[in-house]
Each structure stands twice: as structure tokens, then as C-alpha cells.
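Each chain, written out:
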Amino acid sequence: MRLRPSLFWQARALDSHLPLLLPVCRDLQSARNELRWLSQHVDDKCRTESREIHHNLLSNYVRRRAGGEPLQYILGSEWFGDLKLYCRPGVLIPRPETAASTSYLVHRLSNGILKNLLPRNLRVLDLCTGSGCIPLLFHHEFYSSPDHRMSTLELIGMDLSNTAIRLAEDNVINQLRLQQHPSSNGEERLKSLRGLRVLRADVMETSPYSASVTEVLRQHRGLKETPTCDIIISNPPYISAKAFRTTTARSVRHFEPRLALVPHNSRHTDSEHDGDAFYPRLLAIANELEAKAMLAEVADMEQALRVAALAVKERCWEGIEIWRDDPATGRVDTTDVGKMSVRVLGDGHGRSVFLYRRLGAAPLAD
Amino acid sequence: MSATPWVCLRCLRRSAIRQRTIARYQSTVSVANNISPALLSRARTIAEEHATLTKQLATEYDATAAKRLGELQSTSSAVKQYDKASSALEELQSLLRSSDKELRELAEDDVEPTRESIVNASAELRSSLVPVHPFAHLPCLIEIRPGAGGDEAALFAGDLVRMYEGYCVQAGLRFALLKYETAEGMAGTGGAHVQEAILEVDSPGAYGMLRSEAGVHRVQRVPATESKGRTHTSAASVLVLPSIAPEGGADMGENSFNDPKSDYYVDPKDVNIDVMRASGAGGQHVNRTESAVRLTHTPTNTVVAMQESRSQLENREKAWRLLRSRIAQQRRDVREEELARLRRGAGAGKAGRENKVRTYNWGQQRVSDHRSGIDVRNLDDVMAGGDALERVMASVRAWMAEQEVLSLVAEDEGRTSSKR
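Cut-off values and rules
Residues numbered from 1 in each chain as written. Chains lettered and ligands numbered in written order. Predicted model: local features only at pLDDT ≥ 70, side-chain atom pairs only at ≥ 80, totals over all residues. Heavy atoms only, no water. Helix = DSSP H or I, 4+ residues; strand = E, 2+ residues; numbered from the N terminus. Buried < 20%, exposed > 50% of the residue type's maximum accessible area, 1.4 Å probe, protein only. Contact = heavy atoms within 4.5 Å. Areas by Shrake-Rupley, 256 points an atom, 1.4 Å probe, with all protein chains shown as cover. Pairing = 2+ DSSP bridges. Axes fitted to C-alpha atoms, helices over the stretch in contact; angles between N-to-C directions. Disulfide = S-S within 2.5 Å. Salt bridge = Lys/Arg side-chain N within 4 Å of Asp/Glu carboxyl O. Patch = residues over 30% accessible without salt bridge, like charges linked within 9 Å, V, L, I, M, F, W, Y side chains within 5 Å. Core = buried A, V, L, I, M, F, W, Y, C linked by side-chain atoms within 4.5 Å.

Colleague: Pulling in residues and values, what's your account of the overall build of chain B?
Modeller: Scanning chain B from terminus to terminus reveals 10 helices and 11 strands. For chain B, the proportion of its 420 residues judged to be buried stands at 43%. Partitioning the contacts of chain B with sequence separation of at least 6, the portion at a separation of at least 24 is 63%. A total accessible area of about 23000 Å² is found for chain B, and carbon and sulfur atoms account for 52% of it.

In C-alpha cells:
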């Protein structure tokens, strides 16, 4: 949509920086918000410097933002649920939809079928963890509920990128620093956060030498046999090469790492659905580790249905759900995938697929 | 003879003029001033009603009458005490005029304690008559917006924000700026061009202290933006809303917002939550920074938008708090309007948005409140939120209490006339 020239005049009357931000922000209000956040960041960064230095730095930031660089990379942080996490170029910026699904998952743990299905003391694995946002928010939400105050929680994040692992570790250290102070925090809460590890593993096992998820987890725990885990969460790259060229926002395409957005190994599937490459691997890993529940983010409802169909074919998942952007609104639809009825929760776009099963149950009959 | 050989005429004249001392000797004025005639007459009608009810109850028992009697008891006894004390004072006054010296001395000794008892009795009378505002114990939100006057009004709004911040510091109230929206790009002419500021004063009882501030504040001065030295008149509106503790307010009692009977209860089903959603696929495809949250309360069409923070959760929380306060205020306004219909004719000017309540005049360094009629010369101290401001506010509080009583009287009259 073309912006009206009068809007630029209006913006210029307010602040000389605003017209630059308008094309990226698309409307005056969000341009004003971003300018305010940028200037707050400048103020925080150099309190004692002169006005001129402030102004120069702000102009520099505005120019970078006008060039399409994500605001989160310039400010170096992003809010994810209740947590403020570090952000750095080279690692995907956490998205609010991911936070909504993660919070909803933790909310679901304490009631209904999942409460019976899962043990009190959980072991959670997050694949393609990026900034470490999912395990950190899971931890925060988990211990915010009074039901879980005394439970233990083992969290492990895995990623292929060393940049991401370093950032995730920094985020964990930062959260430790922030959460250590209040004495009201439970002992288990701190213990769990201290035990949060981010390890390097390759979900796709692109080469025979790359570290597989199971192997890394086995070595980490110091076990001889195959390790197990209760919940697998993942926000894998899920955009097809074509969709990456055509549908992604410019700032995403030019500034966020392609590794985190597009599956790099797309030989397994046809070119139209080459964004789906990770899901068969995730399901296979869930089987290897005997996971009782799995949550995987997807791009839209079509991909969600394709992933649900994959899970139906496995015949070992007792429940399959599709969650939309905001799964907690209370709206529930059902749709049939193969022979199973799949519940679709919440409002917005199809955002993630959630699977659960009872451990040791026989494969479901035809 | 004088020790000095010569004194200049001007000095001589000056010494001849006696320094005028302002002192009040034994008069009844100061004591009588303590309690307004309106209050007293209302108290007397209550005392009369009390007397008739007592007589009535002596002959036959009536449950409702007994209950009413209990309600009137405190006022009636306060009136009796007050009457006793004032008649004692009158007696003493007549004794003071007597020719007997010994008697006069005795009376003089008694004057002070009697005066004190009058003060006590009138304080008791006032507290028994003036209804305590139902929200007086709550913390409050002060919303400040510029009114007529453009730039200068925005500057003045900024001054008001600083004034209330200063006041809170002086009075030991905890406060935080919930929202502080300035117009960017206004060339720095000293002070902030405030578009909207919301100050949250979260000490209990803040609403009772600050509710006198609601209304339009007028400023008369030569603005910083004025080049020709002309005095401008601008205005800023101040809205004071009772506020609630964010969560887990066990001490909130009836105002807990989970209680459907409370004013603060807002049914989540009635509220539409709009968050900025990307129009495209969302998820990894886009990277949005919009964190604005807009809440619409459908039954009353109240809209609250928050976009201060980058955290959507924080915006949502703040928006809910604001929405609850606004709706509670609306509910209270509706109730008060109903009462005001009864109180019509009492001249109880409710401090709405439409009428100015106070003027700050820079040229004369003077602040005058149009409700209580107080004039304070110390403008700088007022603008710093110091004692002078407290003096103005105290006078307004007294005025409001009096108005409440007046309107109660009118309400009673209205009731009796409608009965006829």
C-alpha cells in the first residue's frame, strides 16, 4: 500500500526522524513508538554524553532502522512473554506467537489429560532453540504456577548455530542474574535454571559426522542406553524457499538468518513443500526419545494439516491438536485429518501442532 | 532629654506611627467560624428528628425508627455537646464583663478549656455529618491533558505534572508515571510539551487527598513561545480517578475486581481485546514491533489504548488497570448523577471538565481557587508542590465537605417536599 505524501509532511512536523521511519513502520503511530524506543535506548546507553552525541547516535539508529534492520537487533533485546531477552544479528528474533504457544503449553500441563499423562518432574527438550527463548519462558511460566513450585524441571536447548548457542547461554546467565535476587523464588526454580544447558546438535543429521540429537543427549546425561525425554518443543525453520523469496517481510529476508527460516536440506520433499523438511525428523526424534508430548511451530494452517497428517500416519499419537496464534481464547473447532479428528484451538493463523500419547501404549489400531 | 542631640523629622514621624499589631482578643468570631452555618442547621434538624423519634419510641416500638435513631445518635450527641460548650462560653463572656475582679479572673481561666471543647465538639459534628467518600481510601490516577491554548497549554500540562510529582514527594506519597506522552519535535523552549500524562499515586488514601484537584486548571502568563510579551490564557484539564492495586488486592474488600458487585468488576466477556496482528502469514515470515493493545468495553463503548512499552503483556496489564478505573468512575458518575437530580438547586458545583476550578497567574504570582475562593501569593511554592499547594488543597477539601453537606440538606428538603 502506498503511503500518502501528506503523511510524510505530518510526520516531519512532529520530528525530523519520523519521515525516515515511516516506510518501514507503515503508519505514523508505530513510527512514533519506534522513535521513542530508540531515543530511550540512546538515553540509557549514554547518559552522560552531550546532546550532540545523543543526536548523532539516534540519527545513526534511525538510518539503520530505515534501511530495514529489525528494531530488535538495534536495541539488542526483545520481550518474549514476561521476559526481556537479548537479541543479536545471526539469531532469529523471538516471535510473540511462539511465546503464546509456549505459555499455553505450560498452562495445559496442570490440568486435563496432560496432568495424568506426564510425570511431576519433567524433562523438556527444545530443538532449534535459537535465542533460548522457549526453554526460558517455559521455565518462567512453569514455576509461576503454584502447582509446580516443588517439582523439578530439566531443560535442554539444542541448536546448530554457534552464534545462537552463545546468545542462548548469555540469555540464561542474564535470567539467572535477574531471578537470583528475590528470596521468594523456590529452590527448585533456581536449580532448574542453573541446570539449563544449550548444546550443539544437528536435527537433520546432514552429514555422518554431525552430532545427532540422541547422541548429544546421551553424552550429556552420561548414559550408555538411549536417553528419554518427556516433552519436545521446536520452532524449526519452516519456510519454503519459494515462500522465503515471495512472502517474507523485507527486514526478515535481509537481516535474519536464513538458517533459522528455511530448511537447508530440502532433498527429502518436493520443492513445493520443502518447508516441511524438519517435521519427519522431529517425529522420528520424538519416537527415539519416547517423548510423551511434542509441540512444533508451523507456518500456516495448510502446513499444520500436513504435519498433522504425518503424525496420523505414525499411528502412535493419541491426541493431535492444531493451535492458532492465540490458542488460549477458548474457541475450539474440529477437523478430520485422515482417520483422526483433530481439535483446532484459538484464534488467528494456524501456528503449531501439538501431539501427545500415553507411554507404553500399543500402537493404535486401524 | 534624649541622648541623641538631633533626630531627623522623618525618623521622628515614623516612630510616632505605632506598629499596627494584628491580634484578636476574646471574641467569638474565630470559634464560630470553625463550623459553617449550613452544617449547624443540618445538625439541628437531625437533632430535632432525633428528639421526636425518641419521644415516639417511648410510647411504641418501631424497628425502622429505632434503626434511624441509631444513625442519628452520633450527630445528635455532637450537637448537644456543641450547644453545651457554646452556651458555657456565652456565660463566661458575660462573666468577663462583670465588675467583680475575682469573678473575672476565674472566668478568664475557664475560657481556654471551653474554647477547646467547642473546637472538639465541632470537629466531631463535622465528621459525623460529612459522609466519607466511598473511594477516599484508595490510591488514585491523575490524568493531565492540555486544553485550549495549543503549545502553551501543553507546556502548562507539563508544569502541572511536575507540580503533582513535587506534591507527592512532599506528602510522602508513592507515585509513578504510568503514561507520559510528549510531542516530539517541538523545539526545546523549556519544559515538555505534554500531550497526555497519567500519574499513578499508589499510596492508600491518595484519592481522598487529591480528588479536589479534578477540573480545568487555567494559566495566565507570558508563554515561553511568545515573542511579543503578551499574556496568554490557556488551560489544562486534570482528571482524578480512584485506582486499584494491580493484583491480589486482599485489602481491597468490596472493591476487589473479581467481585461482580464491585464497581471495578469488568466482565472479560464484555471486553474486546485488539492487538496489532500482522496481516500476512505471521510467525517467522514477519517481524513486528507493534505492541499496542486496545481494549474496548462494549456495553459502555469505553476504549483504552496502550502502546508505551515494547512488551505487549505489560501494555495489556496497564490497559486493563486503566479500563477498570475508567469504568468504575463511570459507574460512580451514573450513581452521582442520580443523586444530583435530587440535590438540584443546592449549587453543589461538581468539578466536571467544563468549569475551571483554579487559576495560576504568573504576572501577579498568584494562585486562586474558584471554588473555595482562596488566594495564595506564593506561586513558585505552589508550582513546586509545596506547603502553599497543600493550603489551597485543604481549603478546597473543606469547601467540598461543606458542599456535600449542603447537597445533603437539599436532598432532604427535596425528599420532604416530594412527600407532600
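Colleague: Now, about the sheet that holds strand β8 (residues 319-326) of chain A: what can you tell me, with residues and values included?
Modeller: All names here are of chain A. Taken in spatial order, the nine strands line up as β5-β4-β3-β6-β7-β11-β8-β10-β9 in an open sheet, and their pairing is mixed. Of all the strands in the sheet, the pair left with one neighbour each is β5 (197-200) and β9 (332-337). For this sheet, the mean inter-axis angle between neighbouring strands, taken without regard to orientation, is 25°. The pairing of β9 with strand β10 (residues 340-345) spans six bridges and is classified as antiparallel. Bridge pairing links Asp336 to Ser341 in β10. Set on the sheet, helix α9 (residues 162-179) makes contact with β4 (153-159) and β5; between it and β5 the angle comes to about 175°. Each of β3 (122-127), β6 (231-234), β7 (293-297) and β11 (347-356) is contacted by helix α14 (residues 278-288), which is oriented at about 165° to β7, the strand it contacts most.

Colleague: Got a sec to walk through the state of the cysteines? Specific residues and values, please.
Modeller: Applying the stated criterion to the full structure yields zero disulfides over all chains. Here Cys87 of chain A is not disulfide-linked; the sulfur of Cys133 of chain A is the nearest cysteine sulfur, at 8.8 Å. Free of any disulfide, Cys8 of chain B has its nearest cysteine sulfur in Cys11 of chain B, 3.4 Å distant. Assessed through its relative accessible area of 25%, Cys8 of chain B is described here as partly exposed.

Colleague: Break down the sheet that holds strand β6 (residues 271-275) of chain B for me, citing the residues and quoting the values.
Modeller: Residues and elements named next belong to chain B. The strand order across the open sheet formed by three strands is β6-β7-β8, and the pairing between neighbours is antiparallel. Where the open sheet ends on each side, the last strands, each with one partner, are β6 and β8 (302-306). Neighbour-to-neighbour, the strand axes of the sheet open up by a mean angle of 15°, direction not taken into account. Bridge count for strand β7 (residues 293-297) against β8 is five bridges, and the pairing is antiparallel. Looking at β8, one finds that Val293 is bridged to Met306.

Colleague: Explain the pattern of salt bridges to me, and be specific about the residues and the numbers.
Modeller: A complete count under the given rule lists 39 salt bridges over all chains for this structure. The closest approach of N and O atoms between Glu78 of chain A and Arg310 of chain B, which form a salt bridge, is 3.4 Å. You can see Glu78 of chain A sitting in strand β1 (residues 77-80) and its partner Arg310 of chain B sitting in the loop between β8 and α8 (312-342), one on each of two chains. You'll find Glu78 of chain A and Arg310 of chain B in the same group, each marked buried. With its nearest N and O atoms 2.7 Å apart, the salt bridge here joins Asp159 of chain B to Arg162 of chain B. Note that Asp159 of chain B and Arg162 of chain B are positioned in helix α6 (residues 150-171) at a spacing of three residues, about one turn of the helix. You can call Arg162 of chain B partly exposed: its relative accessible area is 37%. Overlapping salt bridges, with partners in common, bring together Glu143, Arg145, Lys179, Glu196 and Arg326 of chain B in one network.

Colleague: Can you tell me about a nonpolar patch on the surface, naming the residues and giving the values?
Modeller: All names here are of chain B. On the surface, Val7, Leu9 and Leu12 cluster together to form a nonpolar patch covering roughly 270 Å² of accessible area. Following the sequence through the fold, Leu12 ends up in helix α1 (residues 9-16). A relative accessible area of 46% means that Leu12 is categorised as partly exposed.

Colleague: Can you break down the nonpolar core residue by residue, with the values?
Modeller: Residues Leu125, Leu127, Met158, Val213, Ile232, Met294 and Ile320 of chain A are the most contacted members of the largest nonpolar core, which totals 49 residues. Sequence-distant contacts of Leu127 of chain A, that is, excluding residues within four places in its chain, are made with Met158, Val203, Val213, Ile232, Ile233, Ser234, Asn235, Leu282 and Ile285 of chain A. Among the nonpolar cores identified, the runner-up in size contains 39 residues, and Phe135, Cys140, Val238 and Val367 of chain B belong to it.

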